[in-house]
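This is what each chain is made of:
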Amino acid sequence: MADHRTSPRKRPWVVPAGVVTVLAGLLLAVVVWSSDDGAPAAAPAATESSPADAPTEVQGPADVDTAAVERRDPEDLLAAGPVDAPVVLVVFSDYQCPYCAQWSHETLPEMMEHAEAGDLRIEYRDVNVFGEASERAARASYAAALQDEYWAYHDALYPDGETRTESELSEQALTDLAAELGLDTEQFAADLNATGTVEQVQANQQLGLDLGAYSTPAFLLGGEPIVGAQPTQVFRDAFEAALADGS
């Protein structure tokens, strides 16, 4: 298959106008959380808006350099689809985000079909804007990935398109979930707090924050940013457009 990687492109996050105020508030919340007592100042609000809202460009700390974000690393444990797929979908998510759970339940299965067909590469990056429990869940999903069970564990963290409670994201609860899925719990527990796991989760989180993805879910699909759990049709159309553009 031909190498479909293109030269670096930079794109601003494109957000419906009604979301701009929400994102500004979320950015402030993240700043307060980072500098205060370690707890989020406020829970993120919905990033969905009506189709009638006109899109507005919102710049993060830097425009999106697609070449830097789309890793296409064959050793990436949080990815599905061939590394040379014509289209890449990068997902910035949080395991305590209800809209991430909704998107994962409603839209991800269709995107996975494209990955299985070889037309799409999906790469997950946990941003963990909700704090410690989210970061712990991200480490747990990476520990599951080390046993080749990332997607099963990922789906289990969003049962029926819902998020788990914070108590269900404790270290013991996450290990119990690994046991339910048939993982080696001794190895899982070791990997959960391993230096390599912590470093990888922190690197993924920093990537999202550096891009200005302070609200989850956020996406880069075919080089074009999308913010919020938009309807599946939005992703369907964006994928088809990116596939046609790269053909």
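Everything below is about the structure shown above.
Presented here is an overview of the structure given in this document.

**What to know about the overall build of the protein**
Part 1: In terms of regular secondary structure, the protein is built from 10 helices and 9 strands.
Part 2: Evaluated residue by residue, the protein yields a buried proportion of 48% over its 247 residues.
Part 3: A sequence separation of at least 24 residues applies to 80% of the contacts in the protein between residues at least 6 apart.
Part 4: With an accessible surface of roughly 11000 Å², the protein has 50% of that area assigned to carbon and sulfur atoms.

**Focus on the nonpolar core**
Part 1: Within the largest apolar cluster, 58 residues are counted, with the highest numbers of intra-cluster contacts made by L89, F92, W103, I122, Y124, Y153 and F188.
Part 2: Residue contributions to this core peak at 7 residues, all from helix 5 (residues 132-145).
Part 3: What Y124 contacts, discounting residues up to four positions off in sequence, is L78, V91, S93, W103, S104, L108, Y150, W151, H154 and N204.

**Some words on the side chain of D126**
Part 1: Of note, D126 is situated in strand 7 (residues 120-126).
Part 2: This buried residue, D126, is left without a salt bridge; R125 holds the nearest opposite charge, at 7.9 Å.
Part 3: Here D126 is in contact with S93, Y95, A138, S141, V201, N204 and Q205, once residues within four sequence places are set aside.

**Observations regarding the packing of aromatic side chains**
Part 1: Overall, the coordinates contain 8 aromatic pairs when judged by the stated rule.
Part 2: Arranged with centres 5.7 Å apart and planes meeting at 80°, the rings of Y124 and W151 form a pair that is edge-to-face. Linking Y124 in strand 7 with W151 in helix 6 (residues 150-156), this pair joins segments that are 27 residues apart in sequence.
Part 3: Relative to W151, the ring of Y150 lies with its centre 4.8 Å away and its plane at 70°, an arrangement referred to as edge-to-face.
Part 4: Through successive ring pairs, a cluster of aromatic residues spans W103, F219 and F235.

**Here we look at the pattern of salt bridges**
Part 1: Enumeration over the complete set of coordinates arrives at 6 salt bridges.
Part 2: Residue E110 pairs with R236 through a salt bridge whose shortest N-O separation is 2.7 Å. Of this pair, E110 sits in helix 4 (residues 108-116) while R236 sits in helix 10 (residues 232-246); the two residues are 126 residues apart in sequence, bridging distant segments of the chain.
Part 3: Here E123 ties to R121 by a salt bridge, and the two come within 3.3 Å at their closest N and O atoms. R121 carries the same exposure label as E123, and that label is buried.
Part 4: Salt bridges here are not isolated pairs; linked through shared partners, they connect D76, R121, E123 and R125.

**Considerations on empty space enclosed by the protein**
Part 1: Evaluation of the coordinates by the stated rule reveals 2 cavities of 30 Å³ or more.
Part 2: One number sums up the size of the second largest cavity: a volume of about 30 Å³.
Part 3: If you trace the second largest cavity, you find it lined by L78, D126, A138, S141, Y142, V201 and N204.
Part 4: Listed by contribution, the elements that provide at least two residues to the lining of the second largest cavity are helix 5 and helix 9 (195-210).
Part 5: Here the residues of the lining of the second largest cavity are counted per class, giving 4 nonpolar, 2 polar and 1 charged.

**Examining the packing of helix 5 against helix 9**
Part 1: Two numbers describe how helix 5 lies on helix 9: the axes approach to 9 Å, and their chain directions differ by 120°. Comparing the axis directions of helix 5 and helix 9 gives the class oblique. Considering only the axes of helix 5 and helix 9, their crossing is right-handed. Side by side, helix 5 and helix 9 meet where E135, A138, R139 and Y142 of the first sit next to T197, V198, Q200 and V201 of the second.
Part 2: Considering only residue class, the contact of helix 5 with helix 9 consists of 4 nonpolar, 2 polar and 2 charged.

**Quick look at the environment of E240**
Part 1: With respect to the helices, strands and loops of the structure, E240 is situated in helix 10.
Part 2: Here E240 falls in the partly exposed class, since its relative accessible area comes to 41%.
Part 3: Distance from E240 to G222, taken between C-alpha atoms, is 9.6 Å for residues 18 residues apart in sequence.

Cut-offs applied
- Residues numbered from 1 in each chain as written.
- Predicted model: local features only at pLDDT ≥ 70, side-chain atom pairs only at ≥ 80, totals over all residues.
- Heavy atoms only, no water.
- Helix = DSSP H or I, 4+ residues; strand = E, 2+ residues; numbered from the N terminus.
- Buried < 20%, exposed > 50% of the residue type's maximum accessible area, 1.4 Å probe, protein only.
- Contact = heavy atoms within 4.5 Å.
- Areas by Shrake-Rupley, 256 points an atom, 1.4 Å probe, with all protein chains shown as cover.
- Core = buried A, V, L, I, M, F, W, Y, C linked by side-chain atoms within 4.5 Å.
- Lys, Arg positive; Asp, Glu negative; His and termini not counted.
- Salt bridge = Lys/Arg side-chain N within 4 Å of Asp/Glu carboxyl O.
- Phe/Tyr/Trp six-rings, centres within 6.5 Å; stacked < 30°, edge-to-face > 60°.
- 1 Å grid on protein atoms, 1.4 Å probe; cavity = no way out; pocket = protein on both sides within 12 Å on 5 of 7 lines; lining within 4 Å.
- Points joined across faces, edges and corners; volume = space filled by probe spheres on them.
- Nonpolar A, V, L, I, M, F, W, Y, C, P; charged D, E, K, R; others polar.
- Axes fitted to C-alpha atoms, helices over the stretch in contact; angles between N-to-C directions.
- Parallel < 35°, antiparallel > 145°, perpendicular 65-115°, else oblique.
- Left-handed = near helix turned anticlockwise from the far one by under 90°.

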